[in-house]
Amino acid sequence: MDVEDLCDFLTGWIAAQVNGAGSAGTVVGVSGGVDSATVLALCKRAVGPKVLGLVMPCHSHKEDIDDAMLVLDHFGVERKVVVLDDAFDELMRAVGESGSEKRDLCVANVRPRLRMATLYYHANKLNYLVVGTGNRSELEVGYFTKYGDGGVDILPLGGLVKSQVRDLAAHLGVPARIIEKPPTAGLWPGQTDEGEMGLTYRDIDTYLLTGKGDPETVARIRLMQQRSAHKRNPLPVPGDR
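Residues numbered from 1 in each chain as written. Predicted model: local features only at pLDDT ≥ 70, side-chain atom pairs only at ≥ 80, totals over all residues. Heavy atoms only, no water.

**Some thoughts on the overall build of the protein**
Helices and strands together make up the secondary structure of the protein, namely 13 helices and four strands. What you see for the protein is a C-alpha radius of gyration of 18 Å, in line with the 18 Å of a compact globule of 241 residues. Principal-axis analysis of the C-alpha atoms gives the protein an extent of 50 × 45 × 45 Å. Within the protein, the proportion of its 241 residues that are buried is 46%. Counting contacts in the protein only where the partners sit at least 6 residues apart, residues at least 24 apart contribute 73% of the total. For the protein, the accessible area works out to roughly 12200 Å², and carbon and sulfur atoms hold 53% of it. In the protein, which carries 27 positive and 32 negative side-chain charges, the distance between the mean positions of the two groups comes to 4 Å. (Helix = DSSP H or I, 4+ residues; strand = E, 2+ residues; numbered from the N terminus. Rg over C-alpha atoms; globule rule 2.2 N^0.38 Å. Buried < 20%, exposed > 50% of the residue type's maximum accessible area, 1.4 Å probe, protein only. Contact = heavy atoms within 4.5 Å. Areas by Shrake-Rupley, 256 points an atom, 1.4 Å probe, with all protein chains shown as cover. Lys, Arg positive; Asp, Glu negative; His and termini not counted. Charge placed at Lys NZ, Arg CZ, Asp CG, Glu CD.)

Structure, rendered in structure tokens:
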């Protein structure tokens, strides 16, 4: 399937999901990264003006906020900015933590979970679907927050590895600055996806598409898949007595 066919397929799929759910449109969390920009562009094609882009800074870098606004301006999508700094700080005080820049996943994962709640507030209010931005490379190794950025209604990029997302983004006209920036979840200053995973997206993509890679890389990917299986599997429930 070439990129234009892929674009048409995903656009039609999003529209079908929205219509099948009896929803009126889509809401997307826009981070300033390539994945959310690509999803935003697809949703704009699929449902026209019935797209809401939410920018949800939570002690975020100004550059990421600027990039998110660039994407929204570029595609002409309705937007709303919801600043979550105070909500984050208050929750941290309530649980006895302090410091918004701690390199602690217990703290860092609060950000995507606050964003998930914010997305669903607006989705429920508008009768929209929450469209996730995760791609196959992230999903396969568990590089997402359970009940955070993993808490969505549909995942149009879930079958595409990162390199395929970048190709699709270029075809959709996502600004080059967004496509080329190092992927980051913005969990703490200087954090990058590849630095945190200890793997490059190139290595992950190669393994997922071909099953090949150096033994150390393959072993690490398989271990990550094993440890994160609970994020992808249905919730366990007891069987018949």
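**Quick notes on the sheet that holds strand β2 (residues 51–55)**
Strand order across the open sheet formed by four strands is β3-β2-β1-β4, with parallel pairing between neighbours. Looking along the sheet, the strands with just one partner apiece sit at the ends: β3 (78–81) and β4 (128–130). Across the sheet, the mean angle separating the axes of adjacent strands is 25 degrees when strand polarity is ignored. Both β2 and β3 contribute to a ladder of four bridges, which runs parallel. Directly across from L54, in β3, lies its bridge partner K80. (Pairing = 2+ DSSP bridges. Axes fitted to C-alpha atoms, helices over the stretch in contact; angles between N-to-C directions.)

**A closer look at a negative patch on the surface**
A surface patch of like charges, here negative, comprises D2, E4, D5 and D8. Positionally, D8 belongs in helix α1 (residues 3–20). Classification of D8 by relative accessible area gives partly exposed; the value is 42%. (Patch = residues over 30% accessible without salt bridge, like charges linked within 9 Å, V, L, I, M, F, W, Y side chains within 5 Å. Salt bridge = Lys/Arg side-chain N within 4 Å of Asp/Glu carboxyl O.)

**Some remarks on helix α2 (residues 34–47)**
Taking 1.5 Å of rise per residue, the 14 residues of α2 would be expected to cover 20 Å, and the 20 Å separating its terminal C-alpha atoms lies within 8% of that figure. Here α2 lies mainly inside the structure; 12 of its 14 residues are buried. Buried within α2 are the following residues: V34, D35, S36, A37, T38, V39, L40, A41, L42, C43, A46 and V47. (Expected span 1.5 Å × (residues − 1).)

**Some details on the nonpolar core**
The biggest cluster of nonpolar side chains holds 36 residues, and the ones touching the most others in it are L40, L42 and L168. Looking at this core, the elements with two or more residues in it are α1, α2, β2, α3 (62–75), α8 (162–172) and α9 (176–180). It is α2 that contributes the most residues to this core, nine residues altogether. One finds C58, V82, V110 and L114 within the second-largest nonpolar core, a separate group that totals 16 residues. (Core = buried A, V, L, I, M, F, W, Y, C linked by side-chain atoms within 4.5 Å.)

**Thoughts on the pattern of salt bridges**
Under the defined criterion, the tally for this structure stands at eight salt bridges. D35 is the salt-bridge partner of K162, the closest N and O atoms lying 2.8 Å from each other. Of this pair, K162 sits in helix α8 while D35 is found in helix α2, placing the two residues 127 residues apart along the sequence. Judged on exposure class, the residue K162 and its partner D35 are both buried. Among the salt bridges present, the one from R136 reaches E140, with a minimum N-O distance of 3.4 Å. You can see R136 and its partner E140 sitting in helix α7 (residues 136–141), four residues apart, about one turn around the helix. A relative accessible area of 24% means that E140 is categorised as partly exposed. Through salt bridges with shared partners, a single network forms among D64, D67, R177 and K181.

**Some remarks on the packing of aromatic side chains**
In the structure shown here, the tally under the stated rule is zero aromatic pairs. Over the ring of F88 we find R111, and its NZ or CZ is 4.7 Å from the ring centre. Over the aromatic face of Y201 sits the side chain of K162, whose NZ or CZ is 5.0 Å from the ring centroid. (Phe/Tyr/Trp six-rings, centres within 6.5 Å; stacked < 30°, edge-to-face > 60°. Lys NZ or Arg CZ within 6 Å of the ring centre and 35° of its normal.)

**Section: the pairing of β2**
Across the five residues of β2, five count as buried, placing the element largely inside the fold. Judged by which residues are buried, β2 turns out to be covered on both faces: V51, G53 and V55 on one side and L52 and L54 on the other are all buried. Where strand β1 (residues 25–29) meets β2, four bridges bridge the pair, whose relative direction is parallel. Bridging from a neighbouring strand, T26 pairs with V51 of β2. Crossover handedness for the path β1 to α2 to β2: right-handed. Taken together, β2, α3 and β3 form a β-α-β motif whose crossover is right-handed. (Right-handed = clockwise from strand over helix to strand, strands pointing away.)

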